[in-house]
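# What the coordinates show
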Amino acid sequence: MSAEDLVLELREATKKYAGVPAIEDVSFGLRRGEIHALLGENGAGKSTLTKVMAGVVPLSAGQMRVEGQEVHLRTPLEALHRGIAMVFQETSLVPSMTVAQNLYLGQEKFFNRLRGIYIAAQQFLQSLNFDVDPTHTVAQLGAAKKQMVEIARAVLHKARVIIFDEPTASLTPEEKKYFFDLVLNLKARGVSIIFISHALEEALLLADRITVLRDGRHVVTDDKANFDRARVVQAMVGRDLSQTLHGQKKTFVRPAGECLLSVRNLRMASMVKNNSLSVFAGQVTGVFGLVGAGRTETFKVVAGLIKRDFFHGGEVLLRGKPVRYRVARSAVRDGIAYVSEDRKVEGFFETMSIARNIYMGLLGKLGGAFGVVSNARMKEVGERWTKLLNVRAISKDVKVIELSGGNQQKVVIAKSLVQEPDVIIFDEPTRGVDVGAITEIHAEINRLADAGKAVVVISSYLPEVMALSDRILVAKQGKVVVEFAGNEATQEGIMYAAIH
Ligand SMILES: Nc1ncnc2c1ncn2[C@@H]1O[C@H](COP(=O)(O)OP(=O)(O)OP(=O)(O)O)[C@@H](O)[C@H]1O
Ligand SMILES: [Mg+2]
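Residues numbered from 1 in each chain as written. Chains lettered and ligands numbered in written order. Predicted model: local features only at pLDDT ≥ 70, side-chain atom pairs only at ≥ 80, totals over all residues.

Once that is clear, we can look at the domain arrangement of the protein. If you check the domain split of the protein, you get domain 1 (3–237) and domain 2 (259–499). The interface is formed by 16 residues belonging to domain 1 together with 16 residues belonging to domain 2. If you tally residues by element for the side of domain 1 that touches domain 2, the top one is helix H8 (residues 229–237), at 3 residues. Of the residues that constitute the side of domain 1 that touches domain 2, the class distribution is 7 nonpolar, 6 polar and 3 charged. (Domains from an automatic or database assignment. Contact = placed C-beta atoms within 7 Å. Helix = DSSP H or I, 4+ residues; strand = E, 2+ residues; numbered from the N terminus. Nonpolar A, V, L, I, M, F, W, Y, C, P; charged D, E, K, R; others polar.)

Now the structure itself:
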């Protein structure tokens with residue numbers, strides 16, 4: 001294929017951070033109108049490679065070409081002017097501004113009144129068939145709508161290349177389907193798409209071609225038709241892991257120990273409606289459900305993470321005694337940990353080191369004076385957990401914000417586990433985590449249950465729920481509606497209960 005057929009090309013691209021390569025000698029070509037999936041384990045260099053293309057970080061060595069011409073992009077705006085837009089792993093919209101203001105950021109001068117911006121935005125969003133109110137602030141929008149605004153902004157700037165970094169990680173199944181349609185629609189308009197995802201099935205479904213990176217290096221690029229799941233996994237991890245999680249079902253379930261936690265007739269705003277459930281020591285209780293099932297909200301009430309104004313009644317019992325936590329710290333002291341699905345907001349202190357973050361977890365439990373940190377103890381705890389969960393970083397002094405997404409998730413988990421809780425609530429524990437790390441996190445979850453802890457796993461990923469749970473609770477519209485034993489449940493049965 002000649003260079004002219006490539007909209008965008010990298011030749012022997014290397015990007016180093018503090019002298020250590022995040023990507024090395026990677027050559028990559030993007031064809032016009034193709035959907036190209038970029039896959040690899042956490043820390044493989046996917047985000048870095050695409051940040052180079054989007055002008056976010058400069059290359060340390062190598063070349064980038066757009067439409068056959070060498071370019072040196074210094075900012076995302078320069079990339080946008082070349083027709084390259086990126087939808088980031090963490091959104092880049094300004095939360096306090098309205099949708100319309102975000103769309104026309106920097107172009108306000110072309111409108112003589114604010115109303116003009118809203119009218120233009122309204123018409124534009126409608127032309128894309130996006131159901132988003134341009135007068136809402138971005139902070140008010142859910143993940144799917146934020147993404148629509150980002151896509152709209154890219155289309156508005158006439159992007160010919162749109163890069164999506166884990167676009168589906170925080171979408172519900174329905175939103176995902178809508179997103180896939182959108183991507184196919186963009187492709188039909190001649191836009192080239194790069195799509196990063198840890199959901200291999202999505203890549204195999206959507207992509208025309210697939211590229212796999214490993215440890216910062218290019219492993220393979222080929223037509224989707226020449227891949228199956230096993231080949232992708234093999235390329236990602238360099239070994240055969242194909243059995244993991246796939247259609248696996250438990251044959252043995254752990255018996256229920258003491259009932260550590262129960263919730264009775266919990267009500268909260270419109271999200272939780274008379275929810276009742278119990279969680280037992282020595283078991284993994286899986287909680288499955290679709291959007292609006294109220295799973296996260298229920299357990300946030302348990303963990304003291306919901307403001308009291310939203311709490312409308314019902315009871316939470318810990319070892320049979322009623323409790324009502326107003327702040328997370330009290331729940332932590334009583335041995336309840338909530339491992340967040342939203343690491344950015346609730347998970348960690350992003351400019352601190354890995355060890356300090358984990359140590360903060362310990363202080364949260366001990367109630368030690370904030371800031372009084374024994375360096376030696378911190379280092380010891382940090383190293384133990386980094387090793388236990390296999391957190392990978394180019395040096396142990398990096399700030400958590402500099403870790404790849406999946407490794408950040410492992411730090412969030414370590415930070416809670418260091419508190420040695422008796423009840424551990426995992427909310428989407430492996431979202432954005434690669435296949436290798438999923439195995440590690442699942443092993444940790446099983447170890448906790450084997451050690452007699454009561455473990456709750458909230459997950460929207462059915463194979464995960466099936467592989468881990470001794471009991472499966474299915475929630476629908478604000479409450480648990482059915483319970484299955486882990487060895488008796490079927491995918492069809494669970495799905496049926498979640499929908500009907
Ligand atoms: N700003 C930075 N400073 C130092 N190291 C960094 C920085 N950004 C990324 N890295 C390192 O570069 C490597 C590649 O990271 P990158 O974010 O590209 O991985 P990724 O493939 O996107 O992973 P994930 O699937 O977890 O998102 C990792 O080892 C990461 O820790
Ligand atoms: Mg990434």
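When a protein is soluble and globular, its nonpolar side chains tend to lie buried together. Counting residues in hydrophobic clusters, the biggest one holds 140 residues, and the most contacted among them are Ile 162, Phe 195, Ile 425 and Val 457. Here this core gathers at least three residues from each of two domains, domain 1 (3–237) and domain 2 (259–499). In contact with Phe 195, not counting residues within four places along its chain, are Ile 35, His 36, Ala 37, Leu 38, Phe 164, Ala 203, Leu 206 and Ala 207. (Core = buried A, V, L, I, M, F, W, Y, C linked by C-beta atoms within 7 Å. Buried ≥ 20, exposed ≤ 12 C-beta atoms within 10 Å, placed from the backbone.)

The pairing of strand E1 (residues 6–17) with strand E2 (residues 20–31) spans 8 bridges and is antiparallel. Within E2, the position partnered with Ala 13 by the bridge is Val 26. In this structure, the hairpin formed by E1 and E2 is closed by a connection of 2 residues, where Ala 18 is found at a positive phi of approximately 45°. In this structure, E1 lies alongside strand E4 (residues 61–66), joined through 5 bridges in antiparallel fashion. Counted as the bridge partner of Leu 10 is Met 64 from E4. (Pairing = 2+ DSSP bridges.)

With that out of the way, let us pick up the environment of Val 183. Following the sequence through the fold, Val 183 ends up in helix H6 (residues 173–188). In this structure Val 183 comes out as buried when scored by C-beta crowding, with 20 C-beta atoms within 10 Å. Sequence separation between Val 183 and Val 455 is 272 residues, and the spatial gap between their C-alpha atoms is 37 Å. Apart from the residues lying within four places of it in its own chain, the contact partners of Val 183 are Ile 35, Ile 193 and Leu 206.

The next point concerns the site of ligand 1. Close to ligand 1 lie 20 residues, the nearest being Ala 22, Asn 42, Ser 47, Thr 48 and Ser 404. Grouping the amino acids of the shell around ligand 1 by side-chain chemistry returns 7 nonpolar, 10 polar and 3 charged. For the shell around ligand 1, the two domains that each supply at least three residues are domain 1 (3–237) and domain 2 (259–499). (Near = placed C-beta within 6 Å.)

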